[in-house]
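Structural characterization, general
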Amino acid sequence: MTTRDQETVPAAGAADGGATGELDAALGERVLSRRGWLADAYTGLLGLGLASLVGRELAAGDADTAGHWQPGRGQTHFAPRAQRVLQIFCPGAASHIDLWEHKPALEKYHGQPLPGAEQLVSFQGKNGNLMQSPWPFVPCGQSGKMISSLLPQMAQHVDDIAFIHSMMSKTNTHGPGCVFMNTGHVTEGFPSAGAWTSYALGSANDNLPTYVALPDVRGEPPNGKANWSNGFLAAQHQAIVMNAQQPIRNLPRPADIASEEDEATRTLLAQLNDHHAAQRPGEDLLRARIESYALAARMQLSAPEVTDLTREPAAVHQRYGTEDPNRLKAAYARNCLLARRLLERGVRYVNLYCASRASGVDGLLNWDAHKTLKPDYERHCPVFDQPTATLLADLKERGLLADTLVLWTTEFGRMPTHQEGTTGRDHNPDGFTCWMMGAGVRGGVSYGATDEFGRRAELDPVTVWDFYATVLHVLGFDHQRLTYYHNGLDRRLTDVQGHVLHAVLTYS
Amino acid sequence: MLVRDDAQRHGRRIPGTAGGGWAEFLDTRSDGTKHMNLGVRIGLAAVTLAGSTAALAADDDPARFFEQRVKVILVERCLACHGADRKGGLDLRQKDTALQGGDSGTALEPGQPDASLLIEYVESQEMPPDQPLSADESLVLRQWVEQGAYYPPVPLNPIAVSTSRRAGYDWWSLRPLADPAPPDVASTPDGGVPAAWTEHPIDRFVVAGLTAAGLRPSPPADRRTLVRRATYDLTGLPPTADEVDQFVGDARPDAYERLIDRLLASPHYGEHWGRHWLDVVRFGESNGYERNVVIDNAWPFRDYVIRSLNQDKPLDQLIREHLAGDVLGPGDPEAEVGTAFLVCGPYDDVGNQDAVQAAQIRADAIDDMVRATGEAFLGLTIGCARCHDHKFDPVTQRDYYSWYATFAGVHHGSRDVARPDERRARDERTAPLLARKATLAGQRDALEQAIVARGEAQAAAWEARWTRPPAARRGTEETFAPVAARYVRLVADGVDTNPAARTGYRIDEFEVWSAEDVPRNVALAHGGAEAIGRNPVAEDFADAYSPSLTIDGEFGATWIAASPELTIVLPEPTTINRVVFSSDRQGAGGALAEAAFVCEYRIEVSPDNRQWTEVATGADRQPVHAAHRRQRLLAAAGTQEERQELARLQAELAATDRTLAEIPPLPRWWVGDMRPAGGPFHVFLGGSPQRPGDSVVAQSLGALGEYVPAYTLAPDAAEADRRRALADWLTHPDNPLTPRVLANRVWHYHFGRGIVDTPSDFGFMGGRPTHPALLDWLARQLQTARWQLKPLHKQIMLSQAYQQSSRYDPAAAGIDADSRWLWRFPPRRLAAEEIRDTFLSLSGKLAPDNGGPGFRLYRYLQDNVATYVPLDTHGPDTYRRAVYHQNARATRIDLLTDFDAPDCAFAAPRRDATTTPLQALTLLNHRFTLDMAQAWAARLEQDVARATPSHGRDNGADVAGPQVERAFRQAFHRLPSAAERAAAAALVTQHGLPALCRALLNSNELVFVD
């Protein structure tokens, strides 16, 4: 798949594309909000099977008659590099200085006070002295990028990754931090990046959700469903939640209803609805709802096929680690495999979580190593390493990496000091690492840096808004023009901030 | 005609509308939504339209010329930089600073435009930098300078004047309520104005708008449609088949009015309109943010809202109670419960130790109250002035922080809400018991002290027996004579963090070693061993604290003891002689409670899990802490009698506690925890509590200063006075916003769309009123009716506009697709709650309800943070109206969420009505639909059986016919057509009546209201 080079670029259809012009319109087109029902010039065309007409026209490259960009129609502001996004999220604040950003000074000054911050009080309280990472960093790839030896398989990918080492968060609390990292706002109620993408582009397939969240087998991330919320965007833009352990809710026909009965019931329903709509010509919402039942039926056929991992060869399972004796790793590996199957079938945005919420014991269910960094990360890294590395390799081998933007994110970093009386690290919102890969992202580079100890972003600080300005840019959008009115403001994923990080892209 | 030139907005006139003094244009937003903007920026419109050509004639009154022509240019195009910001050193707000000029020199030479830099820059189009002034505009400035550059004595206030870029104090919604007379309209022979539309004031306003837009009203709806519409509108429930028949057959002239009266008197009215209000005030029953813990005592507010609406409590009173119920009616639960409004929004309760973050969290909590109050009652997005002055509305940061100072004493939490006599009665019952408790505790402490003192005297003897080092978290070993065992158990008698506790300790590994030449750890899961012990359950991740973690061969994760015993089942009987156990083998946890360890213990073995033999004990170890030492002395030095006496005292204390617990506590509700406000307060520059700016006090908003009596409280004003002052100001008879916003909300819920289509935003970014005069008329009616809603409902519903048909008309839709001019009644989809309530109603399962604690359609899990898992089956305890659902934040509840019930993170002044495939899946396949279909089918069968003679029952077709008929009448309030009847009967015959019910529950006709 290559990126098309047109001014207004219809996003490519699903991998099986081609004869699905009618279906390209898909969910986004058919799914009407009351808002869209108002004075929308397209309303007359939507719903009634004529949605396909809109879809075809736009696929031919038009915006609207005035040349304005329209949301949800596969149009972008300019030529995109990415057709889809995979966002891997390690909740709990995965430590930048123990995974991705090497700090020799921590080894050199281990046990000494952090200069200028001897009385540092952070989220859980007082901090002790500097603490070196319990594991050595090792040079990897052609670039020689140093990452933790805890991630031996991820090492193979560093030459394709642009590390951003100078991320900053507004909050030092997990829940708001995760929500901030996903929505650009610390408070709940705002749309996640996936929801914005769904709103901006609409669907690229006719029978699967546009945006999917795959929570970890250990549970939901901090702040749970707010991380994949549609916020104030219409309900169809929220993520559909599933994972390899848990199918889409209400998808299958109930066990006690025979397929003949189901069929006959739907047939009658269609007759009743047709009769009702025929008496009310012109009511697009009625047609839209009829169409939504047809879409639901198609989804019932397609979704089980996607989630059926038994269709994958044994060697693939082996490689991902889906049968690993470590049950957590096996479960995450299945979600990685599922993520690949979703992406290759045209799901636009996949949120893949590795770990979950804050439990009764810090650092047990997620990367929140407050007290016992070493045992905690020796639990989490083996879960993360092989399945993630395999997923990335698999995307690359299948050619999907060319137009799939991969993001690795966490909500903030950790302190270079140990927490007083412990061998763990407290929350550090002032510096942390995220990375990007694929779809025109420069590989083997590190952008920005924290100070010599890893305490604060120092070189080229990057905000969450900069990060998403870049994501939207790769998707073909000017983040300042992708807006939605809500309670007094034209809202944006990037709030009133954000600069595209051109330095991490191979193109301008 | 005014068209905003903002690049994101493209002005578009509605075809067929006449200007008529208003400048109408459609405002196409970048998100694809549309806002009809009627240019009611009165001041601006008048000025620009009136003056567009003629004004170039020099005005001989410089003051008038300045007011009408110059001011708007300066404010709109110059003051953003050359006002308070003094860019280039230039301040054009008043004459003396303007005359001083800026860094480049003299800006203004009165009478000499050619010597004035301002004119030079403007005419050379160097200024303003974003877009040059029009030729007209620069000419105005030139004339103004020529005439002497008149300035009024008071400096220009950039936010006082509305411009094409922002609203000022003269913004339409901030002006006093007009007292408009309904226009005189005469019926026209062509039916454009039917005679029936010339009487009711509302109809006269509406039909005038229709005529101007080239539209005409629709004919009246049929009675079946009308009764269904009105019933859903006022109660959120469908009418029964009998109610429809009764109304359709009621020939009395006032039948419709009687219908409205009956519906307004129904207790279901308050449930339905209460739900609307709860949307507006962002009522939610969990705290949101990371922990999102459910709040179980917020429901009294929901019941209070429902009750208040049913009683038709004046809304100004309701609003005042929302802000200051505890101040207005202390000791009166019915008033005090209102303040739940302030604290029913989301807030962060995570307990941050970082002082900077803690201050930010507190500021966020108050921000929620400021925004909720501004949006719900004033339709002003005051929250936008948190970091800087509002970009679009005349709200300053000072305004924002004066409200911050108003709410600064309000904290999220509960209060005892009880009348004084209830408090007294309870105190009288508890006082003697509390005294008794104190006496008993004193006796116990004295006795313990005496025993310990005796123990201390002989301490050396006891200590001599404590020969071994204390139990150690990093590893405690016990060796013993070889013994054959199948079961090995650890029994805890004390934990190192609490000598009296027997649970709550952790074990990261428990090893059992065989007595062999080469000992083996036989307590390993992968070797076939099993560990048994209770642990706190994290339901969404059951193994989180499991005892299996003690035999997994790894030290990372720990079992948390919820039972004193940990039992290891060996794979086979084995001779053993050693155990090793720890809570923190790697020493990572240090002294933290997270690594709590058992320190007083026994090790026992058994061949059969019944007969236990003690093989080791920690009793001869040194105590880990002084408290443990004391506990041991207490146990050792007491006499038999003393121990009995201690046990007796303990038992009596426990009994007293039980008696106390039996006395019902005072009602404790989630209505806010009011504390002194503190202060002084400051503007936070950039919104950061770390950057205090000017000091502020609680005071009224500047924007309405001209019309509503202003107040400014002393810096040390009492907390209660702050909220009372704001409550009084919001509901002051001269405050135009509150009644306007409220009247618009009522209209919005009746017609699906407000006269202003952004019901919580009457500012610049919000919509403009389609019918401004009607809005003011409605607001006046509301005030006249002493802020009671029921008369307003009735007035609106008696209009022809409300009673007209919803029939679609392509020609009219071509002009006004959304029927904002009301050429038809806008049809709507039922809201999520209405759909669920309708299912329950049809099935006959809807429970009569008096409120009380809500029901849940989720399983609530809490392990530090909360998780909400939607239920696959909804039991009969959930067969209540959806308004009684305990709505938590950031949850997904199948039918409710799918059909756009909002997450209550923000207020939801209007609901979406989306159409998605997920809705279809949920309505087709969730157990709730199937249960409802079955219950409804059973009810239909019973009804038909009762009505049908017994000889017909055996014949399926004979029964199916009446069942189908009855089902259609109940669901659609009509009989099936012949084709429908045949198809439905065929389905019933082949697959049973529940199949038909399932189809009908999914039908469009059920979920849309004409």
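Each chain has its residues counted from 1, running along the sequence as written. To read the labels, note that chains go from A and ligands from 1, taken in the order they are written. In keeping with the model being predicted, local features are shown solely for residues with a pLDDT of at least 70 and side-chain atom pairs are shown and tallied solely at 80 or more, while totals for entire chains, interfaces and linings include all residues.

Points about the sheet that holds strand β2 (residues 121-122) of chain A
Residue and element names in this part refer to chain A. Taken together, the three strands give an open sheet; going across it, the order is β2-β3-β12, and neighbouring strands pair in antiparallel fashion. Edge positions in the sheet fall to β2 and β12 (417-419), since each has one partner strand and no second. Here a strand pair is declared whenever DSSP counts at least two bridges between the two strands. In this text, helices come from DSSP runs of H or I with a minimum length of four residues, and strands from runs of E with a minimum of two, each type numbered from the N-terminal end. Bridge count for strand β3 (residues 125-130) against β12 is two bridges, and the pairing is antiparallel. Bridging from a neighbouring strand, L130 pairs with T417 of β12.

Quick look at helix α11 (residues 299-310) of chain B
All names here are of chain B. Multiplying 1.5 Å by the residue count of a helix minus one yields the expected span of that helix. Between its terminal C-alpha atoms α11 stretches 17 Å, which fits the 16 Å expected from twelve residues at 1.5 Å a residue. Across the twelve residues of α11, ten count as buried, placing the element largely inside the fold. Neighbour counting defines burial: a residue surrounded by 20 or more other C-beta atoms within 10 Å of its own C-beta is buried, one with 12 or fewer is exposed, and intermediate counts give partly exposed, using backbone-placed C-beta atoms. Taken together, the buried positions of α11 are W299, P300, F301, R302, D303, Y304, V305, I306, S308 and L309. In this fold, the buried residues of α11 make contact with α10 (267-280), α12 (315-328), α14 (340-343), β14 (668-669) and α24 (789-797). A positive backbone phi angle near 55° is found at D312, which sits one or two residues after α11. We call two residues in contact when their backbone-placed C-beta atoms lie within 7 Å.

Overview of the interface of chain B and chain A
Residue-level contacts link 93 residues of chain B with 96 residues of chain A. Grouping the amino acids of the side of chain B that touches chain A by side-chain chemistry returns 37 nonpolar, 32 polar and 24 charged. Polar here means any residue other than Ala, Val, Leu, Ile, Met, Phe, Trp, Tyr, Cys and Pro, which are nonpolar, and Asp, Glu, Lys and Arg, which are charged; Gly is therefore polar.

Thoughts on unusual backbone geometry
Excluding glycine, a negative phi dihedral is what most residues carry, and trans is how most peptide bonds are arranged. Residues and elements named next belong to chain B. The residue after M127, namely P128, is reached through a cis peptide bond having omega -10°. Within the secondary structure, P128 sits in the loop between α4 (117-123) and α5 (135-146). Put simply, G679 and P680 share a cis peptide bond, and its omega is 0°. Mapped onto the secondary structure, P680 falls in the loop between β15 (673-674) and β16 (681-684). In this structure, Q125 takes a positive phi of about 65° despite not being glycine. One can find Q125 in the loop between α4 and α5. Q125 sits in the exposed class, given 12 other C-beta atoms within 10 Å.

Comments concerning the domain arrangement of chain B
All names here are of chain B. Its domain assignment divides chain B into domain 1 (42-161), domain 2 (195-265 + 771-828), domain 3 (314-416 + 673-735), domain 4 (467-622) and domain 5 (927-1009). Domain borders in the structure are assigned automatically or taken from a domain database. Once you take the C-alpha centre of each, domain 2 and domain 5 turn out to be 32 Å apart. Across the boundary between the two partners, domain 2 contributes nine residues, which contact six residues of domain 5. The element that contributes the greatest number of residues to the side of domain 2 that touches domain 5 is helix α7 (residues 223-235), accounting for four residues. Here the residues of the side of domain 2 that touches domain 5 sort into five nonpolar, no polar and four charged.

Some remarks on the packing of α10 of chain B against α11 of chain B
Residues and elements named next belong to chain B. With their axes 8 Å apart at the nearest point, α10 and α11 run at an angle of 125° to one another. The angle between the axes of α10 and α11 places the two elements in the oblique class. Every pair of crossing elements has a handedness; the one defined by α10 and α11 is right-handed. Of the residues in α11, those touching α10 at P267, Y269, G270, E271, W273, G274, W277 and L278 are R302, V305, I306, R307, L309 and N310. Note on method: axes are straight lines fitted to C-alpha atoms, helices fitted across the in-contact stretch only, with angles between N-to-C directions ranging 0 to 180 degrees. Angular relationships are summarised with four words: roughly parallel below 35 degrees, roughly antiparallel beyond 145, roughly perpendicular across 65 to 115, and oblique for the angles in between. In this scheme the handedness of a crossing depends on how the near helix is turned from the far one: anticlockwise by less than a right angle means left-handed, clockwise means right-handed.

Comments concerning the pairing of strand β6 (residues 476-495) of chain B
Residue and element names in this part refer to chain B. Where β6 and strand β11 (residues 565-582) come together, twelve bridges link them in antiparallel fashion. Counted as the bridge partner of V491 is E565 from β11. Note that β6 and strand β12 (residues 598-606) share eight bridges and pair antiparallel. By the bridge assignment for β12, R489 is matched with E604.

Some thoughts on the packing of helix α8 (residues 259-278) of chain A against helix α9 (residues 284-307) of chain A
All names here are of chain A. Running from N to C, α8 and α9 cross one another at 165°; their axes reach a closest spacing of 10 Å. Between α8 and α9, the angle is such that the two are roughly antiparallel. Considering only the axes of α8 and α9, their crossing is left-handed. Along its contact with α8, which presents N273, H276 and A277, the element α9 presents L286, R287 and I290. In terms of residue class, the contact of α8 with α9 is built from three nonpolar, two polar and one charged.

A short note on the environment of G383 of chain B
Residue and element names in this part refer to chain B. Mapped onto the secondary structure, G383 falls in the loop between α15 (355-378) and α16 (397-407). Judged by C-beta crowding, with 23 C-beta atoms within 10 Å, G383 ranks as buried. The spatial distance from the C-alpha of G383 to the C-alpha of V395 is 9.4 Å, given a sequence separation of twelve residues. In contact with G383, other than residues within four places in its own chain, are D367, V370, R371 and G374.

Some thoughts on the pairing of strand β5 (residues 145-148) of chain A
Residues and elements named next belong to chain A. Pairing between strand β4 (residues 137-140) and β5: four bridges, direction antiparallel. Of the residues in β5, the one forming a bridge with P139 is M146. The antiparallel pairing of β4 with β5 creates a hairpin that spans four residues between the two strands, and G141 there sits at a positive phi of about 65°.

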